[in-house]
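Now for the letters of each chain:
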Amino acid sequence: MARLERNLLPPGAYRTFGISQKPDVLISAACEQVGCEGWRNGWQSAFDESTELGKQQAGYVRHRSGRTFREMRTAAGLTVFRFEPHQRCFADHKTQPQLFAVRDGDYRGNPTGRHRQHARPQDWVEDFGENQLALVDRQRQG
């Protein structure tokens, strides 16, 4: 380990990329963010309109849900709504937010104080990839 320590560049020559997640925090998330199968493939819901609850649920779907659907009746008298893919389902999805950070420096510190948090994971991946390509270019140059 001592041999490696002698060859280290100063902290300012490094960039640190990190992804963190707080285990005790949940936030509401859209179907697409959590990989919801109903969002991806569509889904169906059946209601028994011979009950008061079934009437209320079917009425909500028809008049206030804002979803695109096809309606049909089963031989057993249930009302079935088939919902098209790529629209929000009725579940309340929760997820743990991830923080995608980049800062100057390494474990010894951040001499410039620069720190950035990406809003989207794709931006963090792109930044990381560009950094890796820059390192390869520098290595080839000597």
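Residues numbered from 1 in each chain as written. Predicted model: local features only at pLDDT ≥ 70, side-chain atom pairs only at ≥ 80, totals over all residues. Heavy atoms only, no water.

Honestly, the side chain of glutamine 87 in this entry has me stumped. Any pointers?
As for its position among the elements, glutamine 87 is in the loop between β5 (79-83) and β6 (94-95). When its relative accessible area of 11% is taken as the criterion, glutamine 87 is described as buried. Reaching out from glutamine 87, the side chain makes a polar contact with the backbone oxygen of glutamate 84 at a distance of 2.9 Å. Beyond its immediate sequence surroundings of up to four residues, glutamine 87 is in contact with Trp39, Trp43, Arg67 and Thr68. (Helix = DSSP H or I, 4+ residues; strand = E, 2+ residues; numbered from the N terminus. Buried < 20%, exposed > 50% of the residue type's maximum accessible area, 1.4 Å probe, protein only. Polar contact = N/O pair within 3.5 Å; in protein donor to acceptor, adjacent residues only side chain to side chain. Contact = heavy atoms within 4.5 Å.)

How do you make sense of the confidence of the model for the chain when you look at a structure like this?
The predicted coordinates of low-pLDDT regions are not to be read in fine detail. For the chain, the mean per-residue pLDDT works out to 90, and 95% of the residues sit at or above 70. The secondary structure element of the chain with the lowest average pLDDT is helix α1 (residues 2-6), at 51, and the one with the highest is β5, at 98. (pLDDT = per-residue confidence, 0-100.)

What am I meant to see in the layout of surface pockets here?
Any space left empty among the atoms is revealed by the rolling of a water-sized probe across them. Taken as a whole, the largest pocket encloses approximately 320 Å³ of empty space. What lines the largest pocket is a set of 14 residues, and nearest its centre among them are Gln33, Pro97, Gln98, Phe100 and Pro121. Residue classes in the lining of the largest pocket are distributed as seven nonpolar, seven polar and no charged. Considering the residues around the second largest pocket, the lining is formed by Leu9, Gly12, Ala13, Tyr14, Arg15, Asp104, Thr112, Arg114, Asn131, Ala134, Leu135 and Arg138. Ranked by residue count, the leading element in the lining of the second largest pocket is helix α5 (residues 121-141), at four residues. Per-class residue counts for the lining of the second largest pocket are five nonpolar, three polar and four charged. (1 Å grid on protein atoms, 1.4 Å probe; cavity = no way out; pocket = protein on both sides within 12 Å on 5 of 7 lines; lining within 4 Å. Points joined across faces, edges and corners; volume = space filled by probe spheres on them. Nonpolar A, V, L, I, M, F, W, Y, C, P; charged D, E, K, R; others polar.)

Can you help me understand the sheet that holds β5 in this one?
Backbone-to-backbone hydrogen bonds pair the strands of a sheet. The strands run either parallel or antiparallel. Spatially, three strands are ordered β3-β5-β4 in an open sheet, and the strand pairing comes out antiparallel. At either margin of the open sheet sits one strand with a lone partner, and together these are β3 (43-47) and β4 (69-73). The mean inter-strand angle of the sheet, taken between neighbouring strand axes irrespective of direction, is 20 degrees. Sheet topology note: the β4/β5 ladder contains five bridges and is antiparallel. Opposite glutamate 71, over in β5, you have phenylalanine 81 as the bridge partner. Taken strand by strand, helix α4 (residues 52-63) contacts β3, β4 and β5, and its axis lies near 30 degrees from that of β5. (Pairing = 2+ DSSP bridges. Axes fitted to C-alpha atoms, helices over the stretch in contact; angles between N-to-C directions.)

Looking at this structure, how should I read the sheet that holds strand β1 (residues 15-21)?
Judged by pairing direction, the sheet is antiparallel, and its three strands sit side by side in the order β1-β7-β8 without closing on themselves. Single-partner strands in this sheet number two, and they are β1 and β8 (115-118). Direction aside, neighbouring strands of the sheet carry axes that sit 25 degrees apart on average. Sheet topology places strand β7 (residues 98-104) next to β8; four bridges connect them, and they run antiparallel.

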